[in-house]
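An overview of the molecular structure
Chain by chain, the residues run as shown.
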Amino acid sequence: MSLIIKDMVNMATKRLEASGCLTPKLDAEILLLYYMGTDRSFLFAHFGDSMDDKRCEAYFELVDERATGKPLQYITGRQEFMGISFFVSDSVLIPRQDTEALVEEVIKIANENHKTLGTLNILDLCCGSGAIGVSLAYYLTKVKLVATDISTKALSVAAKNAADYRVSGKIKFILGDLFAPLKTGAFGKRHFDMIVSNPPYIKSDVLPTLQREITEYEPLIALDGGKDGLDFYRKIVAEAPAHLKKHGWLLLEIGYDQAQDLCELITADGRYGDVEIIKDLAGLDRIVKTRRKK
Ligand SMILES: C[S@@+](CC[C@H](N)C(=O)[O-])C[C@H]1O[C@@H](n2cnc3c(N)ncnc32)[C@H](O)[C@@H]1O
């Protein structure tokens, strides 16, 4: 027995809806596009075609996987970020649209200061899939990046994304705890024009209350910011000046309710000035931007 594609999508939509999926029709379509290795225009033109039993079964296996709550991105292995299709595995956080605000701000700074800056040296701490670093290497011509992460698996995902977009020559990936790998070994002491990071920032006791798709599938190491969610910010704010050039920028993604805490941390440190909060597309506080004073 075979099924018409349109009916398959409808059946899959109902199955996903029943599982609690918030975007059942979209997900059913994306899984079909992924399974068929085709695009949306092809699908619309072939909604009336039929699929044999074997292919129907293979498609519904993917739908069932999604119905367990596994994020679509970990099934298809892709997430779009800054107009680039990133490879993702369950070893990395799925890049979020909120983080694009950080990348856009860096590009803005680079464009506004291109005459004085020359080649921009950027440190991307906690690089994960490489969403931030690879996008910057892709969009900025004169840039050199060092990207660090504590997860070997995340670094290999990031390196693959850099290779896929032919920017490997612009990024050095280093394994280690925040700034630690910069203090020793081959990389020595370096001063960057800019340090950027989207570190783990969820409060430990809030983690279990997040959606199942996050708590059961995304790496805890990418999310847990400690008791008050600020563990990583404390360390970054304390150590960044030693790795920044004079007047170098520090840009941090934050949770929507962390702007005040971050501003207090930065002000109390005393070595930073020009603190600015940048909002995301939803109008929520999302990025803290500041500069090393001297
Ligand atoms: C919120 S994710 C951000 C990933 C990526 N930058 C993005 O925006 O999609 C945080 C990342 O920090 C990494 N990480 C956790 N603890 C770390 C540490 N002590 N030093 C360096 N990286 C760490 C995790 O492995 C994870 O990839």
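What you see is a predicted model; the values in this text were computed from it and never measured.

Counting its secondary structure elements, the chain contains 13 helices and 11 strands. Computed over C-alpha atoms, the radius of gyration of the chain comes to 21 Å, within 12% of the 19 Å expected from 2.2 N^0.38 for 294 residues, which places it in the range of a compact globule. By its C-alpha atoms, the chain is 75 × 40 × 35 Å across when sized along the principal axes. A separation threshold of at least 6 residues defines the contact pool for the chain, and within that pool the share at least 24 residues apart is 66%. Accessible area for the chain stands at about 14,200 Å²; split by element, carbon and sulfur atoms hold 53% of it. Of the charged side chains in the chain, 38 are positive and 41 negative, and the gap between their average positions amounts to 9 Å.

What the domain assignment reports for the chain is domain 1 (3-68) and domain 2 (81-292). Taking only C-alpha atoms into account, the centre of domain 1 sits 36 Å from that of domain 2. Contacts between the two partners involve 4 residues from domain 1, matched on the other side by 4 residues from domain 2. Between domain 1 and domain 2, the buried area comes to about 270 Å², and carbon and sulfur atoms account for 14% of it. The largest share of the area that domain 1 buries against domain 2 comes from Leu22, Arg66 and Thr68, three residues that together contribute 88% of it. The interface formed by domain 1 and domain 2 contains 1 salt bridge. Taking the shortest distance from any N to any O, the salt bridge between Arg66 and Glu213 comes out at 2.9 Å. Our count for the contact surface shared by domain 1 and domain 2 stands at 3 residue pairs in polar contact (both at pLDDT 80 or more). The residue makeup of the side of domain 1 that touches domain 2, split by class, is 2 nonpolar, 1 polar and 1 charged.

Looking now at the pattern of salt bridges. Summed over all chains, the structure comprises 19 salt bridges. Across the pair Lys25 and Glu29 runs a salt bridge, and its minimum N-O distance is 3.0 Å. Of the two residues, Lys25 and Glu29 are both situated in helix H2 (residues 24-36); the distance of 4 residues between them amounts to about one turn of the helix. Between Asp27 and Arg66 there is a salt bridge, and its shortest N-O distance comes to 2.7 Å. Taken together, the residues Asp27 in helix H2 and Arg66 in helix H4 (residues 53-67) connect sequence positions 39 residues apart.

Another point: unusual backbone geometry. With a phi close to 55 degrees, Met82 is a non-glycine residue in the positive phi region. Tracing the chain through its elements places Met82 in the loop between strand S3 (78-81) and strand S4 (84-87). Non-glycine residue Arg166 carries a positive phi angle of around 55 degrees. Along the chain, Arg166 turns up in the loop between helix H9 (152-164) and strand S7 (171-175).

Ile122, Leu136, Met194 and Leu251 are the most contacted members of the largest nonpolar core, which has 35 residues in total. When residues of this core are traced back to their parent elements, those giving at least two are S4, helix H6 (100-112), strand S5 (120-125), helix H8 (131-139), strand S6 (143-149), H9, strand S8 (192-197) and strand S9 (244-253). Per-element accounting of this core gives the leading share, 7 residues, to H6. Leu136 has contacts with Val103, Val106, Ile107, Ile122, Val143 and Leu145, leaving out every residue within four places of it along the chain. In terms of nonpolar packing, the next biggest core, distinct from the first, is built from 24 residues, Tyr233, Leu244, Leu252 and Ala259 among them.

Our next topic: the site of the ligand. Looking at the ligand, there are 20 residues lining it, with Cys126, Asp149, Asp177, Leu178 and Asn198 nearest. Within the side chain of Asp149, a nitrogen or oxygen atom sits 2.6 Å from an oxygen atom of the ligand. The fraction of the free accessible surface of the ligand (590 Å²) that becomes covered by protein chains is 96%. Taken atom by atom, the bulk of the ligand overlaps the largest pocket. Considering only residue class, the shell around the ligand consists of 13 nonpolar, 5 polar and 2 charged.

This part takes up helix H13 (residues 259-269). Regarding H13, the residues found buried are Ala259, Leu262 and Ile266. End-on, the buried residues of H13 take up no more than an arc of 70 degrees, which puts them together on one face. Summarising the geometry of H13, the exposed residues directed more than 90 degrees from the buried face are Gln260, Thr267 and Ala268. Lining the buried residues of H13 we find helix H12 (231-239), S9, strand S10 (272-279) and strand S11 (285-292). Two residues or fewer past H13, Gly270 is found with a positive phi of approximately 85 degrees.

Reading the values: the criteria
- Residues numbered from 1 in each chain as written.
- Predicted model: local features only at pLDDT ≥ 70, side-chain atom pairs only at ≥ 80, totals over all residues.
- Heavy atoms only, no water.
- Helix = DSSP H or I, 4+ residues; strand = E, 2+ residues; numbered from the N terminus.
- Rg over C-alpha atoms; globule rule 2.2 N^0.38 Å.
- Contact = heavy atoms within 4.5 Å.
- Areas by Shrake-Rupley, 256 points an atom, 1.4 Å probe, with all protein chains shown as cover.
- Lys, Arg positive; Asp, Glu negative; His and termini not counted.
- Charge placed at Lys NZ, Arg CZ, Asp CG, Glu CD.
- Domains from an automatic or database assignment.
- Buried area = accessible area lost by both parts, 1.4 Å probe.
- Salt bridge = Lys/Arg side-chain N within 4 Å of Asp/Glu carboxyl O.
- Polar contact = N/O pair within 3.5 Å; in protein donor to acceptor, adjacent residues only side chain to side chain.
- Nonpolar A, V, L, I, M, F, W, Y, C, P; charged D, E, K, R; others polar.
- Core = buried A, V, L, I, M, F, W, Y, C linked by side-chain atoms within 4.5 Å.
- Buried < 20%, exposed > 50% of the residue type's maximum accessible area, 1.4 Å probe, protein only.
- Near = heavy atom within 4 Å.
- 1 Å grid on protein atoms, 1.4 Å probe; cavity = no way out; pocket = protein on both sides within 12 Å on 5 of 7 lines; lining within 4 Å.
- Sits in = over half its atoms within 2 Å of the grid points.
- Arc of directions from axis to C-beta.

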